[in-house]
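Residue-level structure breakdown
Read off the chains here:
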Amino acid sequence: MLAKIGDKWSILTIMMLSDGTKRFSELQRGIDGVSQRMLTLTLRGLERDGLVTREVFPTIPPRVEYTLTPLGRSLQVPVIALGQWVTANLPELEAARRRFDAAAEEA
């Protein structure tokens with residue numbers, strides 16, 4: 001369960017949905033680098049785990065909206081905190097990766 005909730009796309013999706021209900025296209029535009037397939041798989045997994053609800057509206061084309069459930073909303077605080085930590089520490093994390101990769105190439 002931790003691996004699923006802690007993966008990159010799940011965290012970013014939960015962060016996007018913390019602002020409220022979103023359509024698939026809104027989520028895809030707001031999550032940089034996510035493919036349609038990966039977003040679909042992520043949303044299905046979050047729905048299966050009871051973290052997201054999916055509502056289909058009978059229009060042409062069908063309109064689909066995603067919303068955090070109460071259980072999903074309970075993850076907002078830790079997920080947003082994790083996202084903020086990554087953002088704040090990204091330069092240091094990237095520098096550490098570069099140092100590690102450089103040392104591995106020398107070996």
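In every chain, residue numbers begin from 1 and rise along the written sequence. Only residues with pLDDT of 70 or above have their local features reported here, since the model is predicted, and side-chain atom pairs are shown and tallied only from 80 upward, although totals for entire chains, interfaces and linings are computed over all residues. The side-chain values count all of the structure's non-hydrogen atoms but skip hydrogen atoms and water molecules.

1. So, helix α6 (residues 76-106)
End to end, α6 covers 42 Å across 31 residues, agreeing with the expected 45 Å (1.5 Å per residue, within 8%). In this scheme, the bend at a residue equals the angle between the axes fitted to the seven residues that finish there and the seven that begin there. Only DSSP runs of H or I with at least four residues qualify as helices, and only runs of E with at least two residues qualify as strands; both kinds are numbered from the N terminus onward. Residue N89 marks the point of greatest curvature in α6, where the axis turns by about 65°; the proline P91 follows within four residues. Relative accessibility decides the category of a residue: with a 1.4 Å probe and only protein chains considered, values under 20% of the type maximum give buried, values over 50% give exposed, and everything between is partly exposed. Among all positions in α6, only Q76, V79, G83 and A95 are buried. Whether two residues are in contact is decided by their heavy atoms: any pair within 4.5 Å suffices. Where α6 is buried, its residues touch α2 (8-17), β3 (63-68) and α5 (70-73). How far a helix is expected to stretch is found by multiplying one less than its residue total by 1.5 Å.

2. Examining the pairing of strand β2 (residues 52-57)
Strands are labelled as partners when DSSP assigns at least two bridges between them. As paired strands, β2 and β3 are joined by 6 bridges and run antiparallel to one another. Residue pairing in the sheet places F57 in a bridge with R63 of β3. Connecting the antiparallel pair β2 and β3 is a turn made up of 5 residues.

3. Topic: the packing of α2 against α6
Orientation of α2 relative to α6, taken along the N-to-C sense of each, is 110°, at an axis distance of 9 Å. Between α2 and α6, the angle falls in the class roughly perpendicular. Of the two elements, α2 crosses α6, and the hand of that crossing is left-handed. Taken together, the residues of α6 that come into contact with α2 (itself represented by I11, I14 and M15) are V79, I80, L82 and G83. Only Asp, Glu, Lys and Arg are considered charged in this grouping, and only Ala, Val, Leu, Ile, Met, Phe, Trp, Tyr, Cys and Pro are considered nonpolar; every other residue, Gly among them, is considered polar. Among the residues forming the contact of α2 with α6, the class breakdown is 6 nonpolar, 1 polar and no charged. Convention adopted: a line fitted to C-alpha atoms gives each axis, helices being fitted over their contacting stretch, and angles between N-to-C directions are expressed from 0 to 180 degrees. Oblique is the label for any angle not under 35 degrees, not over 145, and not in the 65 to 115 range, which are roughly parallel, roughly antiparallel and roughly perpendicular in turn. Note on convention: near helix rotated counterclockwise from far helix by under a right angle means a left-handed crossing. Clockwise means right-handed.

4. Looking at the nonpolar core
By nonpolar core we mean a set of buried residues, namely Ala, Val, Leu, Ile, Met, Phe, Trp, Tyr and Cys, connected to one another through side-chain atoms within 4.5 Å. Membership of the largest hydrophobic core comes to 20 residues, with the highest contact counts inside it found for L27, L39, V52 and Y66. Contributing elements (two or more residues each) for this core: α2, α3 (24-30), α4 (36-48) and β3. Counting residues per element, this core draws most heavily on α2, at 5 residues. With sequence-adjacent residues up to four places away left out, V52 is seen in contact with L17, L46, E47, Y66, T67, L68 and T69.

5. Quick look at the environment of I31
Of note, I31 is situated in the loop between α3 and α4. Classification of I31 by relative accessible area gives buried; the value is 3%. Along the sequence, I31 and M15 sit 16 residues apart, while their C-alpha atoms lie 9.6 Å from each other. If near-sequence neighbours (up to four positions away) are discounted, I31 is found in contact with W9, L12, T13, M16 and L39.

6. Here we look at the environment of L75
Position of L75 relative to the elements: it lies in the loop between α5 and α6. Exposure remark for L75: the relative accessible area of 17% places this residue in the buried category. Sequence separation between L75 and M15 is 60 residues; the distance between their C-alpha atoms is 9.4 Å. Among residues more than four places away in sequence, those in contact with L75 are I5, I14 and L51.

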